[in-house]
Every structure is written in C-alpha cells, then in structure tokens.
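# Examination of the molecular architecture
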Amino acid sequence: MPLKIAVVVGSLRADSFNRQLAGALTRLPAADGHTFTFAEIGTLPLYDQDDDGDQAASVKALKALVAGSDGVLFVTAEYNRSIPGVLKNAIDHASRPYGQSAWAGKPAGVIGVSVGAIGTALAQQHLRNVLAYLDMPTLGAPEAFLQWKEGLLNPDGTVGEASAAFLDGWLEAFLKLVETHKG
Ligand code: FNR
C-alpha cells in the first residue's frame with residue numbers, strides 16, 4: 001500500500017548530515033512506491049501560546065502536512081545530548097491548540113546521525129519521551145544510531161554499501177508499522 005510520510009529533519013544547517021541522511025533514506029529500495037514530503041520547520045516562529053488562536057501560515061502548513069500523512073519520520077541531530085530547539089519548537093507548534101494536535105495517533109520513526117560516537121542516542125531517547133506524550137506509536141526496534149563518517153553516504157547522496165542493507169531493513173520496519181496503523 002502506498003504510504004504518505006512526512007519527514008521532519010532536526011537541523012536547519014544548509015549541509016546538514018541529517019538532511020542528507022533523510023534524502024538517502026527516501027532513495028532506498030524500501031521507499032519505492034511511497035511518498036516522502038519534507039516539512040519546512042526553519043520558517044516557523046518561536047512558539048508562543050498566545051498565538052494558539054491565530055496560528056501562522058507556516059504552522060498551519062506544518063499541521064496540514066502531518067494531518068495528511070500516514071506517518072512521520074524524524075531524522076534528528078543531537079545538540080547537547082538532547083534534540084535541537086528547532087525540532088522541539090516545531091513539535092510544540094503542531095501539538096496546539098490543546099486538543100487539536102496534528103501528531104496524535106501518527107506512527108513515528110526516529111533516526112539520526114551525529115559526529116559523536118553515540119550517534120544521537122540521547123537525542124533519540126529524549127524525542128521518544130515527547131512522542132509518547134503526543135500519542136505517537138513509535139518504532140522500537142531496530143534502533144539506528146549512526147556516526148557520520150566517510151562512506152556512510154555515497155557522493156551521489158545514496159546510502160553507502162556498508163549501511164545500505166541495515167538502513168533498508170530499518171525503513172521497511174518503520175513503513176510496516178505505519179501500514180499496520182493505517183489499517
Ligand atoms: C553538537 N554536536 C553534538 N554531537 C553529538 O553527538 N552529541 C551532542 O550532544 C552534540 N551537541 C552539539 C551541540 C551543538 C549546539 C552543535 C551545533 C553541535 C555535533 C553535531 O553532531 C554536528 O554538529 C552535526 O553535524 C549536527 O547535525 P547536522 O546539522 O549536520 O544534521
């Protein structure tokens with residue numbers, strides 16, 4: 001069944017490794033036939049609860065993307081052993097107004113790459129905590145903690161040979177979770 005996946009990248013950096021990883025994931029064999037749409041979170045204002053009754057166009061666009069998707073793929077950097085503020089800002093925006101969260105019930109996948117040896121493990125754990133509260137069924141296994149190094153991705157932006165089978169299996173497991181919840 002073709003699935004619609006919203007991709008949320010937890011980094012605004014122009015050459016973000018996580019954005020590159022996200023792009024590479026969408027080119028794996030398991031991605032064939034599915035649609036991946038990248039969310040624009042860099043133009044969101046700082047979340048302010050006073051604006052809940054009059055959300056910015058960029059917030060409405062994010063909510064519409066998530067609402068129209070079967071699942072959400074989070075590909076995040078790790079900042080100071082947690083998720084980047086820009087990602088939390090986006091999550092908070094689309095969770096409001098109270099009772100009108102776009103995230104509720106949407107299956108999620110969590111993955112990331114960092115220059116550090118633990119490969120975003122702590123950021124992912126913090127993100128899982130948030131997603132649990134948002135009632136997002138999240139892929140538990142396999143986990144994927146990636147360290148950025150030469151060869152992880154090929155120069156053409158596809159996943160390198162050493163990680164291709166593993167990441168294809170990871171993506172397949174995530175898409176299976178999404179399909180299960182789509183029913
Ligand atoms: C980092 N980095 C980092 N790496 C890591 O493995 N654990 C961490 O806690 C941190 N903390 C951290 C804080 C801040 C403010 C910055 C800017 C960076 C390094 C990080 O992995 C590296 O900058 C990556 O390139 C970030 O991902 P993108 O932006 O390339 O996707």
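Check the entry above for the structure.
In short, a report on the structure. (Residues numbered from 1 in each chain as written. Predicted model: local features only at pLDDT ≥ 70, side-chain atom pairs only at ≥ 80, totals over all residues. Heavy atoms only, no water.)

### So, the side chain of Lys106
For Lys106, the location among the structural elements is in the loop between helix 3 (85-94) and strand 4 (108-114). Summary of buried charges: Lys106 has no salt-bridge partner, and the nearest side chain of opposite charge, Asp70, is 6.1 Å away. If sequence neighbours within four positions are ignored, Lys106 has contacts with Val66, Ala67, Ser69, Val72, Asp135, Met136 and Pro137. (Helix = DSSP H or I, 4+ residues; strand = E, 2+ residues; numbered from the N terminus. Buried < 20%, exposed > 50% of the residue type's maximum accessible area, 1.4 Å probe, protein only. Lys, Arg positive; Asp, Glu negative; His and termini not counted. Salt bridge = Lys/Arg side-chain N within 4 Å of Asp/Glu carboxyl O. Contact = heavy atoms within 4.5 Å.)

### Some details on the sheet that holds strand 4
The strand order across the open sheet formed by 5 strands is 2-1-3-4-5, and the pairing between neighbours is parallel. Single-partner strands in this sheet number two, and they are strand 2 (35-38) and strand 5 (145-147). Across this sheet, the average inter-strand angle for adjacent strands is 25 degrees, counted without regard to direction. Both strand 4 and strand 5 contribute to a ladder of 3 bridges, which runs parallel. Note that in strand 5 the partner of Ser114 across the bridge is Gln147. Seen against the sheet, helix 4 (residues 121-133) touches strand 3 (71-76), strand 4 and strand 5 and runs at an angle of roughly 155 degrees to strand 4. (Pairing = 2+ DSSP bridges. Axes fitted to C-alpha atoms, helices over the stretch in contact; angles between N-to-C directions.)

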